[in-house]
Amino acid sequence: QSRNMATLKAISIRLKSVKNIQKITQSMKMVSAAKYTRAERELKAARPYGEGAVQFYEKAEVAAPEDEPAQLYIAMTSDRGLCGAVHTGVSKVIRNRLNEPGAENIKVICVGDKSRGILQRLYANHIISVANEIGRLPPTFLDAAKLANAIMTSGYDFGSGKIIYNKFKSVVSY
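From a predicted model like this one, the values you see are computed outputs, not experimental measurements.

### Overview of the packing of helix 2 (residues 84-99) against helix 3 (residues 113-123)
- Relative to each other, helix 2 and helix 3 sit at 25°, their axes nearing to 9 Å. The orientation of helix 2 relative to helix 3 falls into the category roughly parallel. The hand of the helix 2/helix 3 crossing is right-handed. Listed contacts from helix 3 to His 87, Thr 88, Ser 91, Ile 94, Arg 95, Leu 98 and Asn 99 of helix 2 are Lys 114, Ser 115, Ile 118, Leu 119 and Tyr 123.
- Of the residues in the contact of helix 2 with helix 3, the class split is five nonpolar, five polar and two charged.

Below, the structure written as structure tokens:
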């Protein structure tokens, strides 16, 4: 037997390990498909509320006061996760706006630890509040009430506000 040649036993051990890895991967795919289906079902139930709010504000013709330059941005991210583009996309929009002139009148509320972690290094003086542990479960009215209470008690008087978030389009684009 020459050096560095695989024996029959080594080959059979390798084949077993590859088959085990395939089984584990297949079960992980099934779990993620089930989680995705559940999340999509919950999203479908919540979509009409968002569409109703958008239609309300379009028809109400509410505009920001012209003489009030103070703005509030709400960064909607999660507390944890491995999908970096989701979190950095939200933070990038806010970072770009904070780099523009006149950004001293902008304050940020971070919903989720990921946006706080990204923005805190350079823009800690713009962050007025951080809300975490929101979004682990499907959102409820209580979550929205807590966030609204944090905004109202922050002591920051703003003329306009924006919620920066990611919109789900499809599995492929996501």
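### Describing the pattern of salt bridges
- The tally for this structure, following the rule as stated, stands at two salt bridges.
- Salt-bridge contacts for Arg 116 lead to Asp 113; the nearest nitrogen and oxygen are separated by 3.7 Å. Note that Arg 116 and Asp 113 are positioned in helix 3 at a spacing of three residues, about one turn of the helix.
- Given a relative accessible area of 27%, Arg 116 falls into the partly exposed group.

Quick notes on the rules
- Residues numbered from 1 in each chain as written.
- Predicted model: local features only at pLDDT ≥ 70, side-chain atom pairs only at ≥ 80, totals over all residues.
- Heavy atoms only, no water.
- Axes fitted to C-alpha atoms, helices over the stretch in contact; angles between N-to-C directions.
- Helix = DSSP H or I, 4+ residues; strand = E, 2+ residues; numbered from the N terminus.
- Parallel < 35°, antiparallel > 145°, perpendicular 65-115°, else oblique.
- Left-handed = near helix turned anticlockwise from the far one by under 90°.
- Contact = heavy atoms within 4.5 Å.
- Nonpolar A, V, L, I, M, F, W, Y, C, P; charged D, E, K, R; others polar.
- Salt bridge = Lys/Arg side-chain N within 4 Å of Asp/Glu carboxyl O.
- Buried < 20%, exposed > 50% of the residue type's maximum accessible area, 1.4 Å probe, protein only.

Bear in mind that shape data such as this cannot, by itself, settle questions of function.
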